[in-house]
Amino acid sequence: MRSSTYKILAWVGVIVCLGFAFYAIEAQSRYSKNFPETVVNFKADNVMGGKTDYASEKGTATLIVLTASWCPSCRAELPSLMQFHKEFGPKGLKILMIDEDDSKKVARKFKKSMGIPWTMMHWNYDALMALGNTGVIPVSFVVDKDDTVQHIDVGTINELKVRQELKRLLGR
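Since the model is a prediction, treat every value here as computed from it, not as a measurement.

Which parts of the structure should I look at to understand the packing of helix α4 (residues 78-88) against helix α7 (residues 159-170)?
Think of two packed helices as two axes; the pair is described by the angle between the axes and how far apart they sit. Put simply, α4 and α7 touch, their axes get as near as 12 Å, and they point 20° apart. By the angle class used here, α4 and α7 are roughly parallel. Here the hand of the crossing between α4 and α7 comes out right-handed. Residues S80, Q83, F84, E87 and F88 of α4 lie in contact with α7, whose contacting residues are E159, V162, R163, L166, K167 and L170. In terms of residue class, the contact of α4 with α7 is built from five nonpolar, two polar and four charged.

Listed below in structure tokens is the structure:
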């Protein structure tokens, strides 16, 4: 009797895992339809004060990250982003974070409390339309020096794929 119960539970587990995998693939394809092939310049408020734009913030490679203080996945990927900043920043990587919190004050507090060293813009419709109005966070874009999107992650950043792309763009 126990053996058949374990088999049923195993099959239920397999079906649940397949369901999650299907959902993830479907979500990726649904959201990817809106993504741009190139990033056009956009302007937004810097959460620390003043205005800035993509053109003045980009690097040899740019990692654009859509985030928010209330998003657990966004917070979870911060150590990876910090590592990218440390490892690839000297080679020309710029990280540009676009915060989707309701207020700049909340975004500024998030930036300070997490010790985020790169530029954080406060979202606006210009920025979101330039990036395809994803409708989900976090989303990360690896962009080359010519503003061509090389890689996109919907959901928590895929550290291995982003690292490979950054190595390709910035050299080992």
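What follows continues from the structure just given.
Sorry, what's going on with the pattern of salt bridges here?
Side chains carrying opposite charge are able to pair once their charged atoms draw close together. The tally for this structure, following the rule as stated, stands at seven salt bridges. Between K104 and D45 there is a salt bridge whose closest N-O contact spans 2.8 Å. Taken as a pair, K104 in helix α5 (residues 104-114) and D45 in strand β1 (residues 43-46) lie far apart in primary sequence, 59 residues in all. A salt bridge links R163 to E87; the shortest N-O distance between them is 2.7 Å. Of this pair, R163 sits in helix α7 while E87 sits in helix α4, and the two are 76 residues apart along the sequence. Note on R163: relative accessible area 17%, which makes it buried. Through salt bridges with shared partners, one network takes in D45, K51 and K104.

What's the story with the packing of aromatic side chains in this structure? I'm lost.
Enumeration according to the criterion identifies four aromatic pairs in this entry. Aromatic pair F42 and Y54: ring centres 5.7 Å apart, planes at 15°, arrangement stacked. Taken as a pair, F42 in the loop between α1 (2-32) and β1 and Y54 in helix α2 (residues 54-57) lie far apart in primary sequence, twelve residues in all. With relative accessibility at 2%, the residue F42 sits in the buried group. When the ring of F84 is compared with that of F88, the centres are 6.4 Å apart and the planes differ by 45°; the resulting orientation is tilted. Of the two residues, F84 and F88 both sit in helix α4, four residues apart, roughly one turn of that helix.

Reading the values: rules and limits
- Residues numbered from 1 in each chain as written.
- Predicted model: local features only at pLDDT ≥ 70, side-chain atom pairs only at ≥ 80, totals over all residues.
- Heavy atoms only, no water.
- Axes fitted to C-alpha atoms, helices over the stretch in contact; angles between N-to-C directions.
- Helix = DSSP H or I, 4+ residues; strand = E, 2+ residues; numbered from the N terminus.
- Parallel < 35°, antiparallel > 145°, perpendicular 65-115°, else oblique.
- Left-handed = near helix turned anticlockwise from the far one by under 90°.
- Contact = heavy atoms within 4.5 Å.
- Nonpolar A, V, L, I, M, F, W, Y, C, P; charged D, E, K, R; others polar.
- Salt bridge = Lys/Arg side-chain N within 4 Å of Asp/Glu carboxyl O.
- Buried < 20%, exposed > 50% of the residue type's maximum accessible area, 1.4 Å probe, protein only.
- Phe/Tyr/Trp six-rings, centres within 6.5 Å; stacked < 30°, edge-to-face > 60°.

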